[in-house]
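Structural overview for review
These are the residues of each chain, in order.
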Amino acid sequence: MGKQLLFPTDLFDLAERVISENKALGRTIAVAESCTGGLVCAALTEVPGSSAVLERGFVTYSNESKQEMLGVQPDLIEAFGAVSPATAWAMAQGALRQSRADVAVAISGIAGPGGGTELKPVGTVVFARAFRGDEEVNAEQQHIEGEDRAAVRHQAALTALKLLLP
């Protein structure tokens with residue numbers, strides 16, 4: 001009987017690379033997830049030896065949890081929305097503040113099928129990466145084409161994992 005994976009091969013293979021390449025550098029990571037709901041952390045923990053790299057993960061699905069767990073300012077969410085580069089950046093910074101990780105990635109988006117607007121349609125996902133001791137803003141908004149919620153979440157998780165590669 002072969003090794004059974006909980007995840008699609010592309011997600012597992014990328015997670016495996018993230019763990020091995022960060023481990024080789026002695027670098028630890030944290031993840032703050034909204035629309036992916038823990039998918040990135042789950043993929044990372046599927047990899048043997050991930051405890052040497054993954055310091056912690058935050059699933060902050062509600063605006064309140066973004067504020068309470070990551071220290072995202074309510075006025076930031078009010079002004080720009082939960083799905084904005086500004087909020088993703090604040091989430092990544094909060095994940096660093098609330099952990100011992102060297103680098104943090106944050107993901108927030110609209111996976112669908114509802115919740116989209118003309119300005120932020122379904123598939124709008126924002127990503128941010130923050131390095132400890134570096135104030136440079138590294139956040140971007142993307143539109144992920146996916147036929148359904150699962151496809152949007154899958155692509156968002158892949159993008160987040162790529163951001164965690166050294």
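A brief report on the enclosed structure follows.

**Details of the overall build of the protein**
- Along the backbone of the protein there are 6 helices and 5 strands.
- Its helices and strands in sequence order give the protein the pattern α-β-α-β-α-α-α-β-β-β-α, from N to C terminus.
- Along the longest, intermediate and shortest principal axes, the C-alpha atoms of the protein span 50 × 40 × 25 Å.
- Per-residue burial over the protein gives 49% buried out of 166 residues.
- A fraction of 66% describes how many contacts in the protein between residues 6 or more apart in sequence connect residues 24 or more apart.
- Surface exposure of the protein reaches about 8,100 Å², of which carbon and sulfur atoms provide 51%.
- Once the 14 positive and 20 negative side-chain charges of the protein are each reduced to a mean point, those two points are 6 Å apart.

**Section: unusual backbone geometry**
- Note that the residue after Gly112, namely Pro113, is joined by a cis bond; omega there is 5°.
- Within the secondary structure, Pro113 sits in the loop between strand E3 (103-109) and strand E4 (124-131).

**Re the side chain of Ser108**
- As for its placement among the helices and strands, Ser108 is situated in strand E3.
- By relative accessible area, which is 1% here, Ser108 ends up buried.
- Within the structure, Ser108 has its side chain in polar contact with the backbone oxygen of Ala82 (distance 3.0 Å).

**A short note on helix H6 (residues 149-163)**
- Here H6 contains 15 residues, and its C-alpha end-to-end distance of 21 Å stays within 8% of the 21 Å for a straight helix at 1.5 Å per residue.
- Looking at H6, one finds that the buried residues are Ala151, Val152, His154, Ala156, Ala157, Leu158, Thr159, Ala160, Leu161 and Leu163.
- On the buried face of H6, the contacting elements are helix H1 (9-25), helix H2 (39-45), E3, E4 and strand E5 (139-143).

**Brief notes about the pairing of strand E1 (residues 29-33)**
- By the criterion of burial, E1 is predominantly enclosed, with 5 of the 5 residues buried.
- Neither face of E1 is open: one carries Ile29, Val31 and Glu33, the other Ala30 and Ala32, and all of them are buried.
- Pairing analysis gives 5 bridges linking E1 to strand E2 (residues 54-59), with the strands arranged parallel. Residue pairing across strands places Ala30 opposite Arg56, the latter belonging to E2.
- Of the crossover connections in this fold, the one passing from E1 over H2 to the parallel E2 is right-handed.
- In terms of strand pairing, E1 meets E3 through 5 bridges, oriented parallel. Paired with Val31 across the two strands is Val105, which belongs to E3.

**With respect to the nonpolar core**
- Formed by 34 residues in total, the largest nonpolar core has its most connected members in Leu44 and Ile107.
- Where this core is concerned, the elements lending two or more residues are H1, E1, H2, E3, E4 and H6.
- Within the second largest apolar cluster, 22 residues are counted, among which are Phe58, Ala88, Ala90 and Ala104.

**Let's talk about the sheet that holds E4**
- One open sheet accounts for 5 strands, arranged E2-E1-E3-E4-E5; its pairing is mixed. Because the sheet does not close on itself, it has two edges, and the strands there are E2 and E5. Strand-to-strand twist across the sheet, computed as the mean angle between neighbouring axes with direction ignored, equals 15°.
- Where E3 meets E4, 7 bridges bridge the pair, whose relative direction is antiparallel. Counterpart to Ser108 in the pairing with E4 is Val126.
- Helix-sheet contacts for helix H5 (residues 85-97) involve E1, E2, E3, E4 and E5, and the interaxial angle to E4 is about 40°.

Cut-offs used in this document
- Residues numbered from 1 in each chain as written.
- Predicted model: local features only at pLDDT ≥ 70, side-chain atom pairs only at ≥ 80, totals over all residues.
- Heavy atoms only, no water.
- Helix = DSSP H or I, 4+ residues; strand = E, 2+ residues; numbered from the N terminus.
- Buried < 20%, exposed > 50% of the residue type's maximum accessible area, 1.4 Å probe, protein only.
- Contact = heavy atoms within 4.5 Å.
- Areas by Shrake-Rupley, 256 points an atom, 1.4 Å probe, with all protein chains shown as cover.
- Lys, Arg positive; Asp, Glu negative; His and termini not counted.
- Charge placed at Lys NZ, Arg CZ, Asp CG, Glu CD.
- Polar contact = N/O pair within 3.5 Å; in protein donor to acceptor, adjacent residues only side chain to side chain.
- Expected span 1.5 Å × (residues − 1).
- Pairing = 2+ DSSP bridges.
- Right-handed = clockwise from strand over helix to strand, strands pointing away.
- Core = buried A, V, L, I, M, F, W, Y, C linked by side-chain atoms within 4.5 Å.
- Axes fitted to C-alpha atoms, helices over the stretch in contact; angles between N-to-C directions.

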